[in-house]
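The primary structure of each chain is shown beneath.
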Amino acid sequence: MIGERIEIKQEIEIGLAAKKQEQRILSLSSVMMVLFISLMSGEFMEPMFATSSGRIIMTFSLILLGVGIFVSNRIMNIRF
């Protein structure tokens, strides 16, 4: 019975580690996408950084991204 509990705990930890890695990749993907587009086609992203409405949108997006990362980290913080 103890062996089964240890085995189940290890399976849960393995699944959780995979989901944590997936969460990290998804968190970085949006930042990397903006950087990639900015580097490859700067004139496409220029209105987002040069105009006041673009700055407001980017600031709001950054805040939402931060909140999303915070919430996903809280969800993934599971203790046994």
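Definitions and cut-offs
- Residues numbered from 1 in each chain as written.
- Predicted model: local features only at pLDDT ≥ 70, side-chain atom pairs only at ≥ 80, totals over all residues.
- Heavy atoms only, no water.
- Helix = DSSP H or I, 4+ residues; strand = E, 2+ residues; numbered from the N terminus.
- Rg over C-alpha atoms; globule rule 2.2 N^0.38 Å.
- Contact = heavy atoms within 4.5 Å.
- Patch = residues over 30% accessible without salt bridge, like charges linked within 9 Å, V, L, I, M, F, W, Y side chains within 5 Å.
- Areas by Shrake-Rupley, 256 points an atom, 1.4 Å probe, with all protein chains shown as cover.
- Salt bridge = Lys/Arg side-chain N within 4 Å of Asp/Glu carboxyl O.
- Buried < 20%, exposed > 50% of the residue type's maximum accessible area, 1.4 Å probe, protein only.
- Axes fitted to C-alpha atoms, helices over the stretch in contact; angles between N-to-C directions.
- Parallel < 35°, antiparallel > 145°, perpendicular 65-115°, else oblique.
- Nonpolar A, V, L, I, M, F, W, Y, C, P; charged D, E, K, R; others polar.
- Expected span 1.5 Å × (residues − 1).
- Bend = angle between axes of the 7 residues up to and from the residue.
- pLDDT = per-residue confidence, 0-100.

**Some thoughts on the overall build of the protein chain**
Then, in step 1: On a plain count of helices and strands, the protein chain comes out with three helices and zero strands.
Then, in step 2: Listing the helices and strands of the protein chain from first to last along the sequence gives α-α-α.
Then, in step 3: Over its C-alpha trace the protein chain gives a radius of gyration of 19 Å, far above what one expects of a compact globule, namely 12 Å for 80 residues.
Then, in step 4: Seen along its three principal axes, the alpha-carbon backbone of the protein chain occupies a region of about 65 × 25 × 10 Å.

**A short note on the side chain of Gln23**
Then, in step 1: Of note, Gln23 is situated in helix H1 (residues 2-40).
Then, in step 2: Contact partners of Gln23, with chain neighbours within four places excluded, come to Ile69, Ser72 and Asn73.

**Digging into a nonpolar patch on the surface**
Then, in step 1: Together, Ile63, Val67, Phe70, Val71 and Ile75 make up an exposed nonpolar region whose accessible area comes to about 490 Å².
Then, in step 2: Residue placement: Val71 occurs in helix H3 (residues 52-76).
Then, in step 3: Its relative accessible area of 39% is what places Val71 among the partly exposed residues.

**Quick word on the packing of H1 against H3**
For any two helices packed against each other, one specifies the crossing angle of their axes together with the interaxial distance.
Then, in step 1: As a packed pair, H1 and H3 sit with axes 11 Å apart at the nearest point and diverge in direction by 175°. Taken together, the axes of H1 and H3 are roughly antiparallel relative to one another. Contacts between H1 and H3 involve Leu16, Lys19, Lys20, Gln23, Ser27, Ser30, Val31 and Val34 from the former and Met58, Leu65, Ile69, Ser72, Asn73 and Met76 from the latter.
Then, in step 2: Each residue belonging to the contact of H1 with H3 can be placed in one class, and the counts come to seven nonpolar, five polar and two charged.

**Here's the deal with H1**
Then, in step 1: For H1, which comprises 39 residues, the first-to-last C-alpha distance of 56 Å matches the rise-based estimate of 57 Å (1.5 Å per residue) to within 8%.
Then, in step 2: The largest bend along H1 measures about 30° and falls at Ser29.
Then, in step 3: Where H1 is concerned, the buried positions are Leu16, Gln23 and Ser27.
Then, in step 4: Residues of H1 that are buried sit in contact with H3.

**Side note on the confidence of the model for the protein chain**
Then, in step 1: On average, residues of the protein chain carry a pLDDT of 89, and 99% of them reach 70 or more.
Then, in step 2: The element-level mean pLDDT for the protein chain is lowest in helix H2 (residues 42-50), coming to 86, with H3 highest at 92.

**A look at the environment of Met45**
Then, in step 1: Within the fold, Met45 resides in helix H2.
Then, in step 2: Accessibility expressed as a relative area gives 10% for Met45, which makes it buried.
Then, in step 3: A sequence separation of 24 residues divides Met45 from Gln21, and the C-alpha atoms of the two residues are 29 Å apart.
Then, in step 4: For Met45, the contacting residues outside a window of four places in its chain are Val34, Ile37 and Ser38.

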